[in-house]
Amino acid sequence: MLFAVSYQIRANATEESQSRALRLFANWTPPETYTFKAHYANADGSGGLALVETDSAAAALQVHGAWTPYFEFKLVPVVEMDQAVQIGFANVKWRESVK
């Protein structure tokens, strides 16, 4: 399953916590069941976003749980646009069928 992940640096971040998070990230490897398809930092330094694939809620918890002292996460399932459009058409057709 594909997910969009956005994260923000916690409001109580300090230079020390930022330094610690960077050291941890430089030495971290995600579990095999959690694959980054893309990963970007926000240019304003406020956090970042990623496109990830996993079929395991436990893997998502393992990944995000490691970073919760430093970041607030939002994890949203996503589908490819061509699939979303087809689903949208099917939904419209169903709604129109109900009188």
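As the structure is a prediction and not an experimental result, all values here were calculated from the model.

How should I be thinking about the pairing of strand E2 (residues 35-41) in this particular structure?
As paired elements, E2 and strand E3 (residues 47-53) share six bridges and run antiparallel to each other. Its bridge partner lying in E3, tyrosine 40 is registered against leucine 49. Taken together, E2 and the strand that follows it, E3, pair antiparallel across an intervening segment of five residues, in which glycine 45 is found at a positive phi of about 80°.

What am I meant to see in the nonpolar core here?
Core analysis: the biggest nonpolar cluster contains 13 residues, and Val5, Tyr34, Val52, Tyr70 and Phe71 have the highest contact counts within it. Listing elements by their share of this core, those giving two or more residues are strand E1 (2-9), E3 and helix H2 (57-67). Sorting elements by how many residues they give to this core places H2 first, with four residues. Setting aside anything within four residues of it in sequence, one finds phenylalanine 71 in contact with Tyr7, Gln8, Ile9 and Arg10.

I'm lost on the layout of surface pockets in this one. Help?
Gaps between atoms show up when a probe of the same size as a water molecule is rolled over them. Volume-wise, the largest pocket comes out at about 590 Å³. Lining the largest pocket are 28 residues, with Tyr7, Ile9, Ala21, Phe25 and Phe71 positioned closest to its centre. Where the lining of the largest pocket is concerned, the elements lending two or more residues are E1, helix H1 (15-26), E2, E3, H2 and strand E4 (71-78). Each residue belonging to the lining of the largest pocket can be placed in one class, and the counts come to 18 nonpolar, nine polar and one charged.

Could you clarify how one ought to interpret the packing of aromatic side chains in this entry?
This model, assessed by the stated rule, comprises nine aromatic pairs. With 5.5 Å between their ring centres and 90° between their planes, tryptophan 28 and tryptophan 67 make a pair best called edge-to-face. Of this pair, tryptophan 28 sits in the loop between H1 and E2 while tryptophan 67 sits in helix H2, and the two are 39 residues apart along the sequence. Residue tryptophan 28 is classed as partly exposed on the basis of its relative accessible area of 22%.

Criteria and cut-off values
Residues numbered from 1 in each chain as written. Predicted model: local features only at pLDDT ≥ 70, side-chain atom pairs only at ≥ 80, totals over all residues. Heavy atoms only, no water. Pairing = 2+ DSSP bridges. Helix = DSSP H or I, 4+ residues; strand = E, 2+ residues; numbered from the N terminus. Core = buried A, V, L, I, M, F, W, Y, C linked by side-chain atoms within 4.5 Å. Buried < 20%, exposed > 50% of the residue type's maximum accessible area, 1.4 Å probe, protein only. Contact = heavy atoms within 4.5 Å. 1 Å grid on protein atoms, 1.4 Å probe; cavity = no way out; pocket = protein on both sides within 12 Å on 5 of 7 lines; lining within 4 Å. Points joined across faces, edges and corners; volume = space filled by probe spheres on them. Nonpolar A, V, L, I, M, F, W, Y, C, P; charged D, E, K, R; others polar. Phe/Tyr/Trp six-rings, centres within 6.5 Å; stacked < 30°, edge-to-face > 60°.

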